[in-house]
Amino acid sequence: MGSEVTESSVASAEAPKAAGAALAAVPRHVAIIMDGNGRWAKRRFLPRIEGHRNGAKSVRMVVEECRRLGIRYLTLFAFSTENWRRPQDEVGGLMSLFVQHLESELGLLLKNGIRLRAMGDTSRLPASVREMLARNEERTKDMTGMDLILAVSYGGRDELVQAARKLAEAARAGEVDPAAISGESFARHLYLPDVPDPDLMIRTSDETRISNFLLWQLAYAEIVVSPVLWPDFSRDEFHRCLNVFAGRNRRFGLTQEQVHGA
Ligand code: FPP
């Protein structure tokens, strides 16, 4: 994901009516921290994996809704570098869930013109997940309707460290002048340099942390916190978050007058 930040990154769109109101501005890129699966399950005296399983239904809803609304990029935080330290049965259950969903949702991706992309240290994933990700990435690589980016085994600090390492190696090889390194040239070494930065980051379950998600790319994102646990995240609640975003005044460090040309 690159560091480009412009006002035009938010397209005005005649969005379909939902929750009783039309959306005024549709973000180009939405990123989501899907939080609260464990609490959802605990409240129902169910194993945590049931929360994740029900969370997968919300994943399908947001993917379909983003496509319908013309949101061009959707990044979902599916598994963090920190999540590897969770109990083995939960990690294993999540990996099986990823395989099942990648298997079952390929048709939906193809039907809707959606390209699947993974970002993160995928070398740590079990072969079954890596193979299924690679299969879906390959099968959907020519889709141009929307990019669905799954952050799996992803950590923002890891991403920055690997970018720094690549640049340091290029400098040592004499290919890069350290004095010439800029924000733009740095961003070209992130995992997905062609993807524009998120305009909106939603986190569910009332948590207000960034939790090592897209540390570079969220620099100018609007953050909207939803009180809803991820498995209960509905179309209406998603629209409410989009409407909160539409009502925000994005200035990118400039004055109101500069942004609006007044
Ligand atoms: C955070 O909730 C959620 C995760 C670590 C996993 C997200 C995974 C899914 C929604 C499963 C389906 C995903 C795909 C892409 C098919 P938590 O467990 O931290 O919740 P808690 O804070 O209530 O414990």
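Residues numbered from 1 in each chain as written. Predicted model: local features only at pLDDT ≥ 70, side-chain atom pairs only at ≥ 80, totals over all residues. Heavy atoms only, no water.

A.B. asks: I'd love a proper account of the site of the ligand, names of residues and values included.
C.D. replies: Taken together, the neighbourhood of the ligand is formed by 20 residues, with D35, G38, R39, R48 and R86 sitting nearest. The separation between an oxygen atom of the ligand and a polar main-chain atom of G36 is 3.3 Å. Note that an oxygen atom of the ligand is positioned 3.1 Å from one of the backbone N or O atoms of N37. In isolation the ligand has 630 Å² of accessible area, and contact with the protein removes 90% of it. Those elements that provide at least two residues to the shell around the ligand are α1 (37–43), α2 (48–69) and α3 (88–111). The element that contributes the greatest number of residues to the shell around the ligand is α2, accounting for five residues. Class assignment of the residues belonging to the shell around the ligand gives a composition of nine nonpolar, seven polar and four charged. (Near = heavy atom within 4 Å. Polar contact = N/O pair within 3.5 Å; in protein donor to acceptor, adjacent residues only side chain to side chain. Areas by Shrake-Rupley, 256 points an atom, 1.4 Å probe, with all protein chains shown as cover. Helix = DSSP H or I, 4+ residues; strand = E, 2+ residues; numbered from the N terminus. Nonpolar A, V, L, I, M, F, W, Y, C, P; charged D, E, K, R; others polar.)

A.B. asks: Describe the packing of aromatic side chains, with residues and values.
C.D. replies: Applying the stated rule across the entire model yields nine aromatic pairs. Ring plane angle 90 degrees and centroid distance 6.4 Å describe the contact between F79 and F98, whose orientation is recorded as edge-to-face. Separated by 19 residues along the polypeptide, F79 in strand β4 (residues 73–80) and F98 in helix α3 bring together distant segments of the chain. Exposure remark for F79: the relative accessible area of 1% places this residue in the buried category. A relative accessible area of 14% means that F98 is categorised as buried. Plain terms: the ring middles of W230 and F233 are 5.0 Å apart, the flat faces sit at 20 degrees to each other, and that makes the pair stacked. According to the relative accessible area criterion, W230 is buried, its value standing at 0%. Among the aromatic side chains, those forming a connected cluster through ring pairs are F77, Y154, Y191 and F213. Its guanidinium or amino end placed over the ring of W40, R44 lies 4.0 Å from that ring's centre, counting from NZ or CZ. Sitting above the plane of the Y73 ring, R72 keeps its charged end 5.0 Å from the centroid. (Phe/Tyr/Trp six-rings, centres within 6.5 Å; stacked < 30°, edge-to-face > 60°. Buried < 20%, exposed > 50% of the residue type's maximum accessible area, 1.4 Å probe, protein only. Lys NZ or Arg CZ within 6 Å of the ring centre and 35° of its normal.)

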